[in-house]
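Coordinate analysis (summary)
What follows is the residue order along each chain.
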Amino acid sequence: MDYDVMIIGGGISGLTLAVKLGQNNIKTLLVEKDKKSGLIYKGELLQPKSLEILDRINMLELVKENGFSLPSIQFYEYNQKADQTMTQLSANEFRYDLIDSPYNTSLMIPHEKLKELLFIEASKYESVDYIQPAKFTGFTDDEPQNKKAIIQTKEGERKIHASFYIGAEGRASPTRTAMEVDMKNTKYNHHFLTVSFPRPDSLNQSTIITTQNKFVGLFPLPNNEVRSVLLIKPGEFKTMREEGLESFYRAYCELMPELEGYVHQIDTWKKIQLMIPVRHNVSSYVKDNMILTGDAAHSVHPMAGEGMNLAIQDSDVLGELLCWMFKTNQTEWSQLEWYEKVRKPRAEYVSRLSHQAALLYSFPYRAWQKLRIKGVKQTEHSLSLHYKQMLNTSGLGIWKFNLVDRMKQAGLLPAKAGRVKISDKKKEKIMFSTYDDYPWYRK
């Protein structure tokens, strides 16, 4: 069997790529190893750049109909005394509408719903085939241009030839193993518990609540639900389970009493997932005609909800490049360098920002809490810091923080209040244009 492109992994990254290729009549095979979706939590927060990409493939309105728009992030910091009473120390808001773009909001959508919508769209195109379950086990020992992918299906082993092989399998990537690329890992001193449950009507914004040693993130979903992320110490999950679900309820209600009676609707530990954050970046996204996307190439700390968005952005750039290569008959493997040139520096920059954000919440010291409060407050009130924070998070562009910015965030320099005004010339430098996303079109 011959294909132009074989995508290994039927998650958000693989499906986004399949849609783009299908819309351009590229003969594509997508294989997914799991028979059905698992219970493992996957990303649900779509950033503005992902909304722009979904608009490009004519799916934005459908996604909006099934999602919950979140135009800002609210931060609340408390002092929790020994008797568990809480005193508010600060309240701040980061707003997407500072960015001059029609996509200046974030949006929550259940992960499996987004996969379903992408799958339905990809299935419309005769040029896209799909095999599930099918486990990719490696490549044949032929020369690179003749090698075939080996997959195991219910009917037995199959060998498939494609012009290009895309590894979109996630963190445990057999394609990455076959490419023999180096990978740098970072581990953290905390874990997360994540689960969705019914929410009160008052909880209608992205909300981060922290004390000197506790953290909970609450992100509203459609159908009056909320996705929650609770930071815990390594080993604390075992202790909580021994104490019973009441310990889990208490962890939430101490920080947000309005959740009383809502979080209690979680009636079994089986619904609660332990998430161990890991950050990794590979040395190369491309080798011969093999390419990595999404978590196969990079994973980020989940603090800013960037993992799924980086995967969507990878697939957008790679899909556009592959379509151009086939359309112009420029299918030399060297053309794939465009993909790595665009995506690797962007993904690594976002990875660093997410890592830095994680460190702000990693240490249970009052001095560290004071530094965090100062940084969030200064960022909200600064003319430029607020804009930089939201632009870098959005994926719509990059405006890097410099040493002066960091000194302002630490309170060592004053930060001007008010709204930021960005000149058109500056916007050209910091906002990604079509040619920034797809530079081969300049040829």
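This one's a predicted model, so the numbers in the text were calculated from it and none came from an experiment.

From N to C terminus, the chain includes 14 helices and 21 strands. The globule rule puts the C-alpha radius of gyration for 443 residues at 22 Å, and the 22 Å found for the chain is close to it. Overall, the chain is about 70 × 55 × 40 Å in size when its C-alpha atoms are taken along their principal axes. For the chain, the proportion of its 443 residues judged to be buried stands at 56%.

Counted under the stated rule, the structure contains 23 salt bridges. In this structure, R56 and D437 form a salt bridge, with 3.1 Å as the shortest nitrogen-oxygen distance. Of this pair, R56 sits in helix 2 (residues 48-56) while D437 sits in helix 14 (residues 434-437), placing them 381 residues apart in sequence. Residue classification places R56 among the partly exposed residues on the basis of a relative accessible area of 32%. Salt-bridge contacts for D405 lead to K388; the nearest nitrogen and oxygen are separated by 2.5 Å. Here D405 is found in helix 12 (residues 403-409), whereas its partner K388 is found in helix 11 (residues 385-394), with 17 residues between them in sequence. A residue is classified by how much of its surface remains accessible, and K388, at 4% relative accessible area, is buried.

Another aspect to go through is the packing of aromatic side chains. According to the stated counting rule, one finds 20 aromatic pairs in the structure shown. Aromatic pair F215 and Y361: ring centres 5.2 Å apart, planes at 70°, arrangement edge-to-face. Taken together, the positions of F215 in strand 15 (residues 215-221) and Y361 in the loop between helix 9 (337-360) and helix 10 (366-381) put the pair 146 residues apart, joining distant regions of the chain. Both residues of the pair, F215 and Y361, belong to the buried class. A network of ring pairs unites the aromatic residues F197, F237, F248, Y252 and W269 as a single cluster.

Moving on, we get to the sheet that holds strand 3 (residues 45-46). Overall, antiparallel pairing links the three strands, which are arranged 3-7-4 in an open sheet. Strands at the two margins of the open sheet, each flanked by one partner only, are strand 3 and strand 4 (68-70). As defined by bridge partners, strand 4 adjoins strand 7 (residues 106-108) across three bridges and the pair is classed as antiparallel. Within the sheet, the bridge partner assigned to F68 lies in strand 7 and is M108.

As a further point, take the sheet that holds strand 18 (residues 278-282). Strand order across the open sheet formed by three strands is 12-18-21, with antiparallel pairing between neighbours. Each of the sheet's edge strands pairs with one partner strand only, and the pair in question is strand 12 (183-187) and strand 21 (298-299). Here strand 18 runs beside strand 21; their pairing, made up of two bridges, is antiparallel. Bridge pairing in strand 21 places N281 opposite H298. Relative to the sheet, helix 9 contacts strand 12, strand 18 and strand 21, its axis offset from that of strand 18 by approximately 160°.

So, on to the side chain of Q313. Relative to the assigned elements, Q313 resides in helix 8 (residues 307-327). Not counting residues up to four positions away in its chain, the partners in contact with Q313 are K49, S50, I53, R343 and G395.

With respect to the helices, strands and loops of the structure, S13 is situated in helix 1 (residues 12-23). Sequence separation of S13 and G294 is 281 residues, and the distance between their C-alpha atoms is 6.2 Å. Not counting chain neighbours up to four residues away, the residues in contact with S13 comprise A168, T293, G294, A311 and S315. In terms of polar contacts, S13 uses its side chain to reach the side chain of T293, at 2.8 Å.

The omega torsion across Q132 and P133 is 0°, close enough to zero to call that bond cis. Relative to the helices and strands, P133 is located in the loop between strand 8 (128-131) and strand 9 (135-139). A positive phi is found at N25, a non-glycine position, where the angle reads about 60°. Within the fold, N25 resides in the loop between helix 1 and strand 2 (28-31). For N25, a relative accessible area of 61% corresponds to the exposed category. Of note, the phi angle at N58 is positive, near 60°, even though the residue is not glycine. On the basis of relative accessibility, which here comes to 67%, the residue N58 falls in the exposed class.

Attention now goes to the environment of F432. Tracing the chain through its elements places F432 in the loop between helix 13 (424-430) and helix 14. Sequence separation of F432 and G395 is 37 residues, and the distance between their C-alpha atoms is 8.6 Å. Those residues within four positions of F432 in sequence are excluded, and the remaining contacts are K49, R346, G395, L396, G397, I398 and D437.

Compared with the 30 Å implied by 1.5 Å per residue over 21 residues, the 30 Å span of helix 8 between its first and last C-alpha is a close match. Taking burial as the measure, the 21 residues of helix 8 include 19 buried ones, the bulk of the element.

Time to look at the confidence of the model for the chain. Looking at the chain as a whole, its pLDDT mean stands at 93, while 99% of the residues score no less than 70. The least confident element of the chain, judged by mean pLDDT, is helix 13 at 89; the most confident is strand 20 (residues 290-292) at 98.

Cut-offs and rules
- Position numbers for residues start from 1 in each chain and track the written sequence from start to end.
- Given that the model is predicted, a residue must reach a pLDDT of at least 70 before its local features are reported, and side-chain atom pairs must reach 80 or more before they are shown or counted; all residues, however, enter totals for whole chains, interfaces and linings.
- Hydrogens and water are ignored here; the side-chain numbers use all heavy atoms of the structure.
- Helix numbering and strand numbering both begin at the N terminus, where a helix is a DSSP run of H or I of at least 4 residues and a strand a DSSP run of E of at least 2.
- In this description the radius of gyration comes from C-alpha coordinates, and the expected globular size is given by 2.2 Å times residues to the power 0.38.
- Buried means the residue's accessible area, taken with a 1.4 Å probe over protein chains only, is under 20% of the maximum for its type, while exposed means over 50%, and partly exposed covers the values in between.
- Between Lys or Arg on one side and Asp or Glu on the other, a salt bridge is scored when a side-chain nitrogen of the former is within 4 Å of a carboxyl oxygen of the latter.
- Centre distance within 6.5 Å is the pairing criterion for rings of Phe, Tyr and Trp, where only the six-membered ring of Trp is used; planes under 30 degrees apart are then read as stacked, over 60 as edge-to-face, and the remainder as tilted.
- In this description, strands pair whenever DSSP reports at least two bridges between them.
- The contact definition used throughout considers only heavy atoms, calling two residues in contact when any of these lie within 4.5 Å.
- Only the stretch in contact is used when a helix axis is fitted, and all axes are lines through C-alpha atoms; the angle between N-to-C directions ranges over 0 to 180 degrees.
- N or O atoms within 3.5 Å of each other form a polar contact, as long as, within protein, one can give a hydrogen and the other can take it, and as long as residues adjacent in sequence are counted only when both atoms are side-chain atoms.
- A helix is expected to span 1.5 Å multiplied by its residue count minus one.
- Confidence scores labelled pLDDT are given residue by residue by the predictor and lie between 0 and 100.

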